[in-house]
Amino acid sequence: MKPPRSPRPWTIAALRLAACLGMAAAVIVAVPPPAAAQVAEPSGVEGLTVQGKGSVSARPSLAEIDLDVSAAAELTGDAIVKFRDAKKRVHDAFAALKLPDVAVEERGLLLDQKGAAFNPYMMDYGVQTKTKSEVQLSRKLVVKASGIQGMDEEAVLQLVGRLLDVAQDAGARVGPPANAAMMAYRYGNMQPTNLVRFVVEDYDKLKEEAYAKAAADARARAERLARLNGVKLGPVLSVREVSSDNATRYYYSGMMLSDAPTQEEDDGARDRLTTPKFQDVPIRVELQVRYAITPAEPKR
Amino acid sequence: MIWTRRLIALLVLAWAASTGLAQVADDAEGKDPDKVSNDDPGRPLQMPPAATEVKEALEDFERFRKRGAWERALKALYTIGDDQSLRFVDGADGFIVPVARKRREVLTALPPEGQSAYRLFYDAEARKLLDQAEGDAERANLERIYSSYFTTTVGAAAADRLGDLDFEQGRFDRAADCWLTILRDRPDSDLSPATIAVKAAVALSRAGRRSEFDQIRAEIEDRYRDEPTTLGGETATAPESLRRLVDAAAPVAPPSDGRGADASIGLAEAVAPDWQFRIADSIEAGMAPVELNQWRSNPLSSARPAAAIDGETLYVNYLGRLMALDLATGRLRWRTESFHNLEQIATQPAAQMLDPSRFALLARGERLWTVTRDLKDQNSMGPFQLECRRAEDGEVVWKMADLPEYAGYEPSGPPILADGVLYVPAKIQQNQPLPEQWVLAMRPEAGRPIWKTQVAVSRQSQQRYYYSGRREQTPQVRLMWNSGALYVDTHVGLLARLDADTGTLDWGYGYETAPLQTERYFYGNMPQDPQPAGEPPRERGDALVFKGAQSSRIYAIDPNRMTVAWRRPFGKAARVVGCDDRSIYLGGEELSALDAKTRTLSWATRLPGGSLEATVLIRPDGIWQATPRGVFELDPADGRVRRIFRGEDLGSEAADLVAAGDRLLTISNRAITAYPARSAPPQEDPPR
């Protein structure tokens, strides 16, 4: 019986080299590409490039509360009665408040079945097919309290608290739909826990202002640089938007709630700014602008 | 070519066979849930079944009857031994009836020539039995004639005498049944139909069977208006006799506990409680946030105590810790054990598997009867115990476990006290492969048995749980006593009626139910629907309205006529919380009302926390339910929330609501709170 042959030194060296190269390749792959704002200008491009920043802030003008009204029954007729009563009670409860700036909007009606949901506790137990299915009707209602930008925090708190209490007393479910937690668990998403959404309504106008400010800022910077470097600022050659951030938005993954409309769909795909906090929301715009430059005329 | 044809033929055959099998399987799956048989192996419970020979004898009888072979038909019927007469076979419309009843039904349905033949063969035997019906043998012989020889010449006379005996002993239901059977099935008898009708009417009146009484009274007024009857030594026309006898026994008001349960309720928005007994605060005092989180996520922290009021005392059974509180002041009179250390016991797996709703309590006079379990017992299958205690200090008088008559029995639902008898639903699995469901009747003071009756045998083993946190979910058996009859709803597909005096099982009614999960491992087979509390049957007119905890249908049956008034699908997560003239009220994810006439859903109101458990107060002027957001008052007509009383127990889980005279008690997992019941005028709209 032969003893096991020891590897040769050159083989070890080759393996080490391969490992080092592999690690280097991994590091190169793992390192994220530079952000768009940091992309270096290709050499040979003429002109003067600056970044202009513009920022405006605004107070949310609208508070929104999502309510889930649903009813299930073995007989569809019963489900309709339950659903109709549940919806009516919510509408009646808010109407009884007699608040002119509070409105309840309805979103699309969802018909599905109760009792055929995934088992949330075990990955692959799947649907319990033996459970008798019941017809389930559900609809999202959105309670909207407008004109809150002029209110102080205490008043907003009182108003929102009242709306939440009325909704819960009327039997509505406040917050995301009943299966959202289960689906979030299933797909490893974070479930939003906030009950109220604050909305900056005139977002387009505010954004316009921020862009104007950013453009002006870029112009001012460019002029200063041109002056300091003895060149004359020419026309704008290119403009690139570096960032246009805003406050946290809600995103409902299409995979997460495939049968439920996304928040954007629900809200009519309007471009608007939402935030879970009642505070001044900053709207920031950053533009990268390249100007042509020409030599300054000699002083006579 | 020929092989190709053979192959095609084989494929066609295989397809046809598979289609046929699939059809059979589909039929089995989609069978009518209302066609229930006691012999269906898929049913969770089986009433004591008759032997196969009995079913064969009944089939033989039917076969020979069709041929007109009376001698052979009757001989087949009389091969059924007396020991089988109280075993059960399928009756009509989902009812499961004793063999004796079935035999009487088939005999009374015989055509005239069959009746003649029957009397020729069996009159002599029946006469002999009737002649010997004296002294100790009187009842036994009369019952034998009634069950086995009713259609003989002397059958009606025997039934009449049996009715008299039952009436004298206060068994009005049974007496009425005897006389009604004569009226309906033996119009040829020599007995005066007017007299029998009056007797039946009086018995029906005493038994509280109102619609049947009205029906027979109309018949007396119409058909026997001028017929003389002699009853109680007085002769008069049938209508006069009836008036005299019924008026003499004017309906007795049901016993009142003196607590003024009908006092009106109106809670003002800011009324302070008379007193509050805090449970959760006592347990949670001094807990670190981590401990508090652990305790509040433990199922036992959601347990609300069972409570009973007797006189000026409120008795409480909180997870086996018994207490007596002064109803006026909330002062603690005595307790058997403190509960501040419950959070330590609650962390043990056996405690987490407990169903806290199984702790029960009854109070009457100087005694308490409790259903408890030692929380420290680490046997997750450990039995609950029935104990009788002294009301003045909680000392144990007797325990069911100590009495040899009840060896192996364990309470399977809350006991009830009626007519001076303690009725206890119990299960036993001693030396048996499968558990049996029994009802025990005992003397409340000493626990001595009056009778024990086996209601059904389970076809499934007891629930077994493996690994942590799996709460027991076996529905509890619920009892209801009414006019000398004891109704037992097993909540797993069987409602049965017993004679409360003798324990004789009258009949069963099998209803649609979901199968019970008996074994669970890890997190498999988790129930997806919320499970409602099992409620006892509710009386509405002549009907009993009930719904099994695992059933998706609501049933109304006439227990005396043994007919199904109606059945209606509704969904599993619902319970019947009450009835009145207008509606049948259902608890579930919503509190809802079915129109009693049309059975359509009139309204449904979703209340915070739902209405799956806990007591709901239902009165003609309102419905009240305690929720985590306060006590909600609803209009019974349309379910509108009229008023919300926040109270001092917000954030608790479902709470029982108990009206006690001029107080309204909320009994939750966090506190027992007494409010003055009448502190606000009626109000139209809820305050916001």
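Residues numbered from 1 in each chain as written. Chains lettered and ligands numbered in written order. Predicted model: local features only at pLDDT ≥ 70, side-chain atom pairs only at ≥ 80, totals over all residues. Heavy atoms only, no water.

Student: Which parts of the structure should I look at to understand the overall build of chain A?
Tutor: Looking only at helices and strands, one finds six helices and nine strands in chain A. Long-range contacts, defined as pairs at least 24 residues apart, comprise 83% of the intrachain contacts of chain A with a sequence gap of at least 6. (Helix = DSSP H or I, 4+ residues; strand = E, 2+ residues; numbered from the N terminus. Contact = heavy atoms within 4.5 Å.)

Student: Would you take a moment to explain the overall build of chain B for this structure?
Tutor: Within chain B, the regular secondary structure consists of 15 helices and 40 strands. Across the 688 residues of chain B, 54% fall into the buried class. A sequence separation of at least 24 residues applies to 56% of the contacts in chain B between residues at least 6 apart. Here chain B displays about 30,000 Å² of accessible surface, and carbon together with sulfur accounts for 50% of that area. (Buried < 20%, exposed > 50% of the residue type's maximum accessible area, 1.4 Å probe, protein only. Areas by Shrake-Rupley, 256 points an atom, 1.4 Å probe, with all protein chains shown as cover.)

Student: Got a minute to help me understand the pattern of salt bridges in this structure?
Tutor: Residues and elements named next belong to chain B. Evaluation of the coordinates by the stated rule reveals 73 salt bridges over all chains. Two residues, E212 and R209, come together in a salt bridge whose shortest N-O distance is 2.8 Å. We classify E212 as buried; its relative accessible area is 4%. (Salt bridge = Lys/Arg side-chain N within 4 Å of Asp/Glu carboxyl O.)

Student: Sorry, what's going on with the side chain of B:K199 here?
Tutor: Residue and element names in this part refer to chain B. Looking at where K199 falls in the secondary structure, it is placed in helix α9 (residues 193-207). Only 2.9 Å separates the side chain of K199 from the side chain of D160, close enough to count as a polar contact. In this view, K199 contacts D160, D164, W179 and L231; residues no more than four positions away in its chain are not counted. (Polar contact = N/O pair within 3.5 Å; in protein donor to acceptor, adjacent residues only side chain to side chain.)

Student: Where do I start with the sheet that holds strand β39 (residues 663-667) of chain B in this structure?
Tutor: Hydrogen bonding along the main chain pairs the strands of a sheet, whether they run parallel or antiparallel. All names here are of chain B. Within the open sheet, the four strands sit side by side as β6-β40-β39-β38. Their pairing is antiparallel. Here the strands that pair on one side only, and so sit at the sheet edges, are β6 (275-278) and β38 (656-660). Sheet twist, expressed as the average angle between the axes of neighbouring strands with direction ignored, equals 15°. As judged from the five bridges shared by β38 and β39, these two strands associate in the antiparallel manner. What sits directly across from L657, in β39, is T666. (Pairing = 2+ DSSP bridges. Axes fitted to C-alpha atoms, helices over the stretch in contact; angles between N-to-C directions.)

Student: What is the right way to read the pairing of strand β11 (residues 360-364) of chain B from this model?
Tutor: Two faces, one strand: in a regular strand the side chains alternate between the faces of the sheet. Residue and element names in this part refer to chain B. Counting buried residues in β11 gives four out of five residues, a clear majority hidden from the surface. Here β11 runs beside strand β12 (residues 367-372); their pairing, made up of five bridges, is antiparallel. Counted as the bridge partner of L361 is T370 from β12. Here β11 folds back onto β12, and the loop between the two strands holds two residues, one of which, G365, carries a positive phi near 65°.

Student: Looking at this model, I keep getting lost on the pairing of strand β28 (residues 553-558) of chain B. Mind explaining?
Tutor: Residues and elements named next belong to chain B. For β28, the tally of buried residues reaches six of six residues, placing the bulk of the element in the interior. Residues R553, Y555 and I557 point to one face of β28 and I554, A556 and D558 to the other, with burial holding for every one of them. Where strand β27 (residues 543-546) and β28 come together, three bridges link them in antiparallel fashion. Residue F546 lies in a different strand from β28, and its bridge partner there is Y555. Remark: six residues form the turn of the hairpin made by β27 and β28, two consecutive strands paired antiparallel.

Student: Help me understand the environment of B:W70, please; the structure alone is not making it clear to me.
Tutor: All names here are of chain B. You can see W70 is positioned in helix α3 (residues 70-77). In the structure, W70 is positioned 45 residues away from Q115 in sequence and 9.1 Å away in space, judged by C-alpha atoms. Contacts of W70, omitting those with residues within four sequence positions, involve R65, L110, P111, E113, G114, A117 and F121.

Student: What is the right way to read empty space enclosed by the protein from this model?
Tutor: With a probe scaled to a water molecule rolled over the atoms, the places where space remains empty come into view. Residue and element names in this part refer to chain B. This structure, assessed with the given rule, holds seven cavities of 30 Å³ or more. The calculated volume of the second largest cavity comes to roughly 120 Å³. In terms of lining residues, the second largest cavity is bounded by 15 residues, among which R209, N482, E539, P559 and N560 are the most central. The set of elements that each furnish at least two residues to the lining of the second largest cavity consists of β22 (485-489) and β27. (1 Å grid on protein atoms, 1.4 Å probe; cavity = no way out; pocket = protein on both sides within 12 Å on 5 of 7 lines; lining within 4 Å. Points joined across faces, edges and corners; volume = space filled by probe spheres on them.)

Student: Hey, could you run me through the sheet that holds strand β9 (residues 281-295) of chain A in this one?
Tutor: Residue and element names in this part refer to chain A. Across the sheet, which stays open at both edges, the three strands sit in the order β1-β9-β7 with antiparallel pairing between neighbours. At either end of the open sheet lies a strand with only one pairing partner, and these are β1 (48-58) and β7 (231-243). Each strand of the sheet is rotated relative to its neighbour by a mean of 30°, with strand direction disregarded. As paired strands, β1 and β9 are joined by 11 bridges and run antiparallel to one another. Residue pairing in the sheet places L48 in a bridge with Y291 of β9. Each of β1, β7 and β9 is contacted by helix α5 (residues 203-229), which is oriented at about 145° to β1, the strand it contacts most.

Student: Any chance you could explain helix α4 (residues 99-108) of chain B here in plain terms?
Tutor: The α-helix winds at 3.6 residues per turn, so residues separated by three or four positions along the chain end up facing the same way. What α4(B) keeps buried is the set B:V99, B:A100, B:R103, B:R104, B:V106 and B:L107. Buried residues in α4(B), looked at end-on, bunch into an arc of 165°, giving them a common side. (Arc of directions from axis to C-beta.)

Student: Would you mind showing me how to read the nonpolar core here?
Tutor: Side chains that are nonpolar tend, in soluble globular proteins, to be buried together. Residues and elements named next belong to chain B. Counting residues in hydrophobic clusters, the biggest one holds 73 residues, and the most contacted among them are Y509 and I557. Per element, the largest residue contribution to this core is nine residues, and it comes from α9. The next biggest cluster of nonpolar side chains, apart from the first, holds 49 residues, and it includes L300, M323, W398 and I428. (Core = buried A, V, L, I, M, F, W, Y, C linked by side-chain atoms within 4.5 Å.)

Student: Could you clarify how one ought to interpret the packing of helix α2 (residues 76-97) of chain A against helix α3 (residues 153-169) of chain A in this entry?
Tutor: For any two helices packed against each other, one specifies the crossing angle of their axes together with the interaxial distance. Residue and element names in this part refer to chain A. Relative to each other, α2 and α3 sit at 145°, their axes nearing to 9 Å. Considering only the axes of α2 and α3, their crossing is right-handed. Residue-level contacts link A93, F94 and L97 of α2 to R162, L163, V166 and A167 of α3. (Left-handed = near helix turned anticlockwise from the far one by under 90°.)

Student: Any chance you could explain the confidence of the model for chain B here in plain terms?
Tutor: In regions of low pLDDT, the predicted coordinates are not meant to be interpreted in detail. Residues and elements named next belong to chain B. Summarising the model, chain B shows a mean pLDDT of 86, and 88% of its residues fall at 70 or more. Predicted confidence for residues 16-29 stays below pLDDT 50, and this span has zero contacts to residues more than four positions away or in other chains. Every residue in residues 251-261 is under pLDDT 50, and counting partners more than four places away or in other chains gives nine contacts. (pLDDT = per-residue confidence, 0-100.)

Student: Is there a simple way to think about a negative patch on the surface in this case?
Tutor: All names here are of chain A. On the surface, a cluster of negative charge is made up of E201, D202, D204, E208 and E209. Mapped onto the elements of the fold, D204 is located in helix α5. Using a relative accessible area of 48% as the deciding quantity, one classes D204 as partly exposed. (Patch = residues over 30% accessible without salt bridge, like charges linked within 9 Å, V, L, I, M, F, W, Y side chains within 5 Å. Lys, Arg positive; Asp, Glu negative; His and termini not counted. Charge placed at Lys NZ, Arg CZ, Asp CG, Glu CD.)

Student: How should I be thinking about the confidence of the model for chain A in this particular structure?
Tutor: Residue and element names in this part refer to chain A. On average, residues of chain A score 77 in pLDDT, and 65% of them reach the 70 mark or higher. Low confidence marks residues 27-43, where pLDDT is under 50. Its contacts with residues over four positions away, or in another chain, come to seven contacts. Across residues 247-262, confidence stays below pLDDT 50; counting only partners more than four residues off in sequence or on other chains, it has 29 contacts.

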